[in-house]
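Below, each chain spelled out in residue letters.
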Amino acid sequence: MQGLYYLLLALCSNYPPPPSEAEFTCKLRKGHPEKEILKGRTLKIVTYDDRPFSGATANASGALEGHGLVFEVLETLQEKFGFEYELQKEKRLMGDETSGLLGMLVAKDVDMIAAFLPILPGTHNYVTWGTQLWQAHYYVLMKRPDDSATGSGLLAPFDDKVWILILISLTSVGPIIYLIMWLRIKLCPNDNKQLFPLSSCIWFVYGALMKQGSTLSPLSDSARLLFATWWIFILILTAFYTANLTAFLTLSLFTLPIKEVEDVAKPPHKWFTTEGSSVEYAIKNKDDGDLNVLLSSVRRGNGRFIDTSSENHVLEMLYDGWLYLDTSDTLNRLMFDDYKRKTIEGEDENKRCSFALTQYPFLVRSLAFAYPKGSRLPELFNPIVQVFVESGILKHLLNEDLPDTTICPLNLGNKERKLRNTDLFTTYIVVLAGFSGALIVFCIELLWTYCATRSFNSKSNKLQRLKNNYNKFVIPSEFEKNAAIPNQVQTKINGREYFMITAKEGDKRLIPLRTPSALLFQYGLNYPTMF
């Protein structure tokens, strides 16, 4: 650490010394704000606990001693400009205009905030921000789920948009084939007039998807091209689906239920973050607006702002299913400490990574020192701090206590992928939907048959009453006496309705209903119309 310190001194020696008192006086005459010489001056500095950036603890005499990356930089500034400082500590990063770190700046109770403070939108009117030190990426930390959020393995090979387009093609290709064949007949009336029914075209599209054969044999070139195009499309589609399905069921892929901040706001998810942090500011401040979507879950009680200084309390909430929103640096150290503790306790390797980070950040903020409005300290400190940033020293100091590899990655890769019951969930749904649909159609058929039978019996009873009335009031002729009035029974054969006439001699004849031949029978036997 001392080597880095002397390296900084060497790098900073190229910068000009601080302005003299005469130069300050010259600036005052030109209307510049007041600025005092730092040498021998005691600055009032405030910090807060934000591992690994900043923190403060009381020593034996009761005075606060700063520690963390911020005070590595502050020691270099102190050596360069010769000032002393009194350190204060504040619990809350942000409160209202009179509390928290920013409230102290507004009241000008301190000269500087020694912390990696997020540059917040809408604060430039009362805060002077220093040069950018670091970029904080905010993620969601959660308890690692037992099952992937991808859902059923049968749907995993394709994205939702692909499935929607496949469904659209299945419903549209059949009518398109029928329409083009019909249009060809209209435009070429002298050519063959082969036109498959619309239902046959629809079933061909479905059968091709299921790799079934078809009895349809188109004769025209246009129809053959349509059929062949659909077969090639299905061949390619099923090949990609089979390959992706095999890869999904073989590889140990894993996805989380949280992909973006909108997913955090959906019930029943519960989340928490540090009280007074930049996340709380982004949620409650309308000028920021990046996380206002989480306000609804705060009103429902699913979102909380708590004191996260106790690591045990944070771990308890995570094990209870809460989501933790914070910077990647804080969350990675929390996971790493938990991993090391379980390793020391002898936990199995596949149980040491109990938590997982989301793949993408939901918020990005630049970090910098903060000064009261109109302060001249940034003019002196920014060039020195810029050396820390551009030389990569800050990045080195920030990550020196972390491993080079990713801490508890999403895909652990330390166990073979086994087929789970959830991978077949869509199969169960398809079978259940098929049987349910068949049962519904069967019930409709029974109802239809029952209604048709009642209608048929009603017709038969009506015709029988008409026949009885006719026999009562009509005197039969000699021909009718000889031929005998036949016994009429209405029946259905091959889907068509007939009268079955049985004479006294036992002869039976079928007379079709609602056809011209029925009229011939009526006038041939001189019977009155009865239908």
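Up top is the structure.
Think of each chain on its own: its residues are numbered from 1, step by step along the sequence as written. For a predicted model such as this one, the threshold for reporting local features is a pLDDT of at least 70, and the threshold for listing and counting side-chain atom pairs is 80 or more; totals across whole chains, interfaces and linings nevertheless cover every residue. The basis for every side-chain value is the complete set of non-hydrogen atoms in the structure, without hydrogens or water.

Colleague: Could you give me a rundown of unusual backbone geometry, with the residues and numbers involved?
Modeller: Between Pro267 and Pro268 the backbone carries a cis peptide bond, its omega angle lying at 10 degrees. Looking at the secondary structure, you find Pro268 in the loop between α8 (261-265) and β8 (271-274). In this structure, Cys408 takes a positive phi of about 45 degrees despite not being glycine. Only DSSP runs of H or I with at least four residues qualify as helices, and only runs of E with at least two residues qualify as strands; both kinds are numbered from the N terminus onward. Checked against the element boundaries, Cys408 lands in the loop between α14 (393-399) and α15 (425-473).

Colleague: Quick rundown of the state of the cysteines? Include the residues and the values.
Modeller: Criterion for a disulfide: a pair of cysteine sulfur atoms at a distance within 2.5 Å. All chains considered together, the criterion is met by one disulfide. Disulfide pairing places Cys353 opposite Cys408 at an S-S distance of 2.3 Å. Measuring the twist about the S-S bond at about -80 degrees, one finds the Cys353-Cys408 disulfide to be left-handed. On the criterion of sequence distance, the pair formed by Cys353 in the loop between α12 (328-345) and β11 (355-357) and Cys408 in the loop between α14 and α15 is long-range, its members being 55 residues apart. Here Cys353 falls in the buried class, since its relative accessible area comes to 10%. Three exposure classes are used, based on accessible area relative to the maximum for each residue type with a 1.4 Å probe and protein chains only: buried under 20%, partly exposed in between, and exposed over 50%.

Colleague: Describe the layout of surface pockets, listing the residues and the values that go with them.
Modeller: Over the atoms rolls a probe the size of a water molecule, and in doing so it shows where empty space is left. Using a grid of 1 Å spacing that covers the protein atoms alone, one calls a set of points a cavity when a 1.4 Å probe fits there but cannot get out, and a pocket when the set is open and has protein on both sides within 12 Å along at least five of seven lines; lining residues are those with an atom within 4 Å of a point. Grid points are joined across faces, edges and corners, and a volume is the space filled by probe spheres set on the points. Estimates place the volume of the largest pocket at around 1,100 Å³. Asp, Glu, Lys and Arg are counted as charged, while Ala, Val, Leu, Ile, Met, Phe, Trp, Tyr, Cys and Pro are counted as nonpolar; the rest, among them Gly, fall into the polar class. When the residues that make up the lining of the largest pocket are grouped by side-chain class, the tally is 17 nonpolar, eleven polar and 16 charged.

Colleague: Can you lay out the pattern of salt bridges for me, pointing to particular residues and giving the numbers?
Modeller: In the sections that follow, a salt bridge refers to a side-chain nitrogen of Lys or Arg positioned within 4 Å of a carboxyl oxygen of Asp or Glu. Under the counting rule described, the total for this entry stands at nine salt bridges. Note that Lys284 is salt-bridged to Glu280, the shortest N-O span being 2.8 Å. Residue Lys284 and its partner Glu280 are both found in helix α9 (residues 278-284); the two are separated by four residues, about one turn of the helix. Note on Lys284: relative accessible area 48%, which makes it partly exposed. Using a relative accessible area of 9% as the deciding quantity, one classes Glu280 as buried. Salt-bridge contacts for Arg376 lead to Glu379; the nearest nitrogen and oxygen are separated by 2.2 Å.

Colleague: Explain the packing of helix α3 (residues 69-81) against helix α13 (residues 377-390) to me, and be specific about the residues and the numbers.
Modeller: At a closest axis distance of 10 Å, the pairing of α3 and α13 adopts a crossing angle of 130 degrees. Considering their axes alone, α3 and α13 lie oblique with respect to each other. Viewed along their axes, α3 and α13 form a crossing whose handedness is right-handed. Contacts between α3 and α13 involve Glu72, Val73, Thr76, Leu77, Lys80 and Phe81 on the former and, on the latter, Leu380, Phe381, Ile384, Val385 and Phe388. The axes used here are C-alpha line fits, helices contributing only the stretch in contact, and every angle between their N-to-C directions lies in the interval 0 to 180 degrees. Convention used here: angles under 35 degrees read as roughly parallel, angles over 145 as roughly antiparallel, angles from 65 to 115 as roughly perpendicular, and any remaining angle as oblique. Left-handed describes a crossing whose near helix is turned anticlockwise from the far helix through less than a right angle; right-handed describes the clockwise counterpart. We call two residues in contact whenever any of their non-hydrogen atoms come within 4.5 Å of each other.

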